[in-house]
Amino acid sequence: MKITIIGTGYVGLVTGACFADLGNIVYCVDSDRGKIDSLKKGKITIYEPGLEEMVRQNMEEGRIYFSTNIKSSVKKSDMVFICVGTPSREGGEPDLLALENVSREIAKNINNYKLIVEKSTVPVETGQWVKRTISAFSASGGKDRKAKFDIACNPEFLREGTAIKDFMHPDRVVIGVESERAKNILLDLYKPLSAPIVVTDIKSAEIIKHASNSFLAMKISFINAISVICEKVGADIKEVARGIGLDKRIGREFLNAGLGFGGSCFPKDIAAFIHMAEKAGYRFDLLREVRNINENQKDIIIEKISKAIWNIPGKTIGVLGLSFKPDTDDIRNAPPMDIIKRLIEQGAKIKAYDPKAMKKARKVFKKGITYCKDIYSAAKGSDCLVVLTDWNEFKEIDFKRLKKLLKQPVIVDGRNIYDPYRVKKLGFTYTGIGRRA
Ligand code: UGA
């Protein structure tokens, strides 16, 4: 199939590369010329394991192309995937301007039947807006007024860091359609993945995306709330999470207590879902509380740091991790970035190390922070070591060496990656999240 992907952000690029890898011809379009120029050279601005190699290979084999020309790409394609950004406005409402502009552009270039698929995470009824916009603008501006099109919604469930694996081996594929023709095209496209496919209407597909992310965020806030109780009564959150997670109805995943969720998806999607539900007449207090609990985890960490080293002003704090989670350099809405900001504001000096995210963090924090070459240089001369992202590299640490380098042997483990007993036995003062004292 010939596919245009509009928007070469995270979702667009991974989707485009994977569709190309499955044998389709893919035209990736973006209005950002700089980005397209570097993509044409096979250079990718985000860090995602395996993505650059996949893009390069498919470029060499003539299956993926990059351009700023929406017109010629749409004309050549059978399907158009809309993968543009939907940033949050104040109050949580998503900004759908880019989506509207793209819909108009598509409309003007419909020369024969096209299936137009929304992949951007959007509020329910956006599909209908896209449809109305395309109908209106193709009628007024398109050369072939009778050219037909269908709209579909095909939400993505990719996680940063494992996006290619998630695309190629999905738990399920969701397609929201309103015609047999659209359904069959999408079934055909996803056939090579041999995954369960949920076929539904467009509005239900839109809700599935919101509800999935909200449910996962709810699991994280739930376990974080339980971790607070564990700490108060002397129980251990890791054992509790295992004990409840082995129940198949609950599942062990997304029950890791810590700093809470961040990134470009959960915080934005939750705000959008709360807003959307309220617009539809339902006050979503459950999700509001999920968000409150999440925010509170950051206060808890700051409190733990100040308890561990007494006064924050003037202290040097070694920080491990800047990205919102491991295996990515993404620092958008990253809890570590929030925590560092607050520590700097309170007068601490930060010595930070992250395997991938330092380049991006350098643009945000310039003063009050030293970027270090590894774990041990971040620890050297610091009053305590704080773990903010659960990179694998941090798990295999040489504690003896660490103890010699730190001014005081203090570890605040915001991701529960260490065994409290082992660390304490080695002479450290250790505090995790909801661990048995
Ligand atoms: C999330 C969803 O998992 C994807 O299915 C979805 O497609 C994507 O959002 C999206 O809407 O685009 P992602 O943001 O890449 O993916 O990251 P997750 O792996 O879901 O982690 C989100 C946050 O939750 C991270 O900050 C992570 O550290 C935190 N988390 C996760 C926990 O604090 N505890 C856990 O047990 C799991």
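Predicted, not measured: the structure shown is a model, and the values here were computed from it. (Residues numbered from 1 in each chain as written. Predicted model: local features only at pLDDT ≥ 70, side-chain atom pairs only at ≥ 80, totals over all residues. Heavy atoms only, no water.)

**Overview of the site of the ligand**
Around the ligand, the surrounding shell holds 20 residues, and the nearest of these are E160, K209, N213, C265 and K325. Between the ligand and K209, the relevant distance is 2.7 Å, taken from an oxygen atom to a side-chain nitrogen or oxygen of the residue. Within the backbone of L255, an N or O atom sits 3.4 Å from an oxygen atom of the ligand. For the ligand, whose free accessible area comes to 720 Å², the fraction covered by protein is 93%. Contributing elements (two or more residues each) for the shell around the ligand: α9 (202–233) and α11 (266–279). Ranked by residue count, the leading element in the shell around the ligand is α9, at three residues. Class assignment of the residues belonging to the shell around the ligand gives a composition of nine nonpolar, four polar and seven charged. Counting contributing residues, the shell around the ligand receives three or more from each of domain 1 (2–200) and domain 2 (296–431). (Near = heavy atom within 4 Å. Polar contact = N/O pair within 3.5 Å; in protein donor to acceptor, adjacent residues only side chain to side chain. Areas by Shrake-Rupley, 256 points an atom, 1.4 Å probe, with all protein chains shown as cover. Helix = DSSP H or I, 4+ residues; strand = E, 2+ residues; numbered from the N terminus. Nonpolar A, V, L, I, M, F, W, Y, C, P; charged D, E, K, R; others polar. Domains from an automatic or database assignment.)

**Regarding the pattern of salt bridges**
Once the charged atoms of two side chains with opposite charge are near each other, the side chains can pair. If you walk through the whole model with that rule in mind, you get 26 salt bridges. In this structure, the salt-bridge partner of E345 is K341, at a minimum N-O distance of 3.3 Å. Of this pair, E345 and K341 both sit in helix α13 (residues 335–345), four residues apart, which is roughly one turn of that helix. Put simply, E278, R283, D285 and R288 are held in one network by salt bridges that share partners. (Salt bridge = Lys/Arg side-chain N within 4 Å of Asp/Glu carboxyl O.)

**As for the pairing of strand β8 (residues 197–200)**
For strand β7 (residues 173–177) and β8, the ladder comprises four bridges, and the chain directions are parallel. Bridge pairing in β8 places G176 opposite T200. As a crossover connection, the stretch from β7 through helix α8 (residues 180–190) into β8 is right-handed. (Pairing = 2+ DSSP bridges. Right-handed = clockwise from strand over helix to strand, strands pointing away.)

**Details of the environment of Y371**
Its place among the elements puts Y371 in strand β11 (residues 369–371). Linking Y371 and P170, residues 201 residues apart in sequence, is a C-alpha distance of 37 Å. Once you skip the residues sitting within four places of it in the chain, Y371 turns out to touch L322, A352, M358, A361, R362 and F365. At 3.1 Å, the side chain of Y371 and the backbone oxygen of A361 are in polar contact. For Y371, the side chain forms a polar contact with the main-chain oxygen of F365, separated by 2.8 Å. (Contact = heavy atoms within 4.5 Å.)

**Re empty space enclosed by the protein**
Counted by the stated rule, this structure contains one cavity of 30 Å³ or more. Taken as a whole, the largest cavity holds about 50 Å³ of empty space. With three residues, α9 is the single largest residue contributor to the lining of the largest cavity. Looking at side-chain class alone, the lining of the largest cavity contains four nonpolar, two polar and four charged residues. (1 Å grid on protein atoms, 1.4 Å probe; cavity = no way out; pocket = protein on both sides within 12 Å on 5 of 7 lines; lining within 4 Å. Points joined across faces, edges and corners; volume = space filled by probe spheres on them.)

**Some words on the domain arrangement of the chain**
According to the domain assignment, the chain contains domain 1 (2–200) and domain 2 (296–431). Between the C-alpha centres of domain 1 and domain 2 the distance comes to 39 Å. Listed as interface residues are seven residues of domain 1 and, on the opposing side, nine residues of domain 2. Interface area, domain 1 with domain 2, both sides summed: about 630 Å², of which 47% is carbon and sulfur. The largest contributions to the domain 1 side of the interface with domain 2 come from Y47, E160 and G161, which together make up 79% of the buried area. E160 is the salt-bridge partner of R332, the closest N and O atoms lying 3.7 Å from each other. Our count for the domain 1 to domain 2 interface comes out at three residue pairs in polar contact (both at pLDDT 80 or more). Of the residues in the side of domain 1 that touches domain 2, the class split is three nonpolar, two polar and two charged. (Buried area = accessible area lost by both parts, 1.4 Å probe.)

**Quick look at the side chain of K304**
Structurally, the position occupied by K304 is in helix α12 (residues 285–309). Residue classification places K304 among the buried residues on the basis of a relative accessible area of 10%. In this structure the side chain of K304 is engaged in a polar contact, spanning 3.0 Å, whose partner is the backbone oxygen of G432. Excluding residues that lie within four positions of it along the chain, K304 makes contacts with E231, V412, T431, G432 and I433. (Buried < 20%, exposed > 50% of the residue type's maximum accessible area, 1.4 Å probe, protein only.)

**Things to note about the pairing of strand β10 (residues 349–353)**
Counting buried positions along β10 gives four out of five residues, so the element sits mostly inside the fold. In this sheet, β10 lies alongside strand β9 (residues 316–320) in parallel orientation, the contact comprising five bridges. Looking at the pairing, I317 lines up with I350 of β10. Where the polypeptide runs from β9 across α13 and back to β10, its parallel neighbour, the crossover connection is right-handed. In terms of strand pairing, β10 meets β11 through three bridges, oriented parallel. When the bridges of β11 are listed, I350 appears paired with I369.

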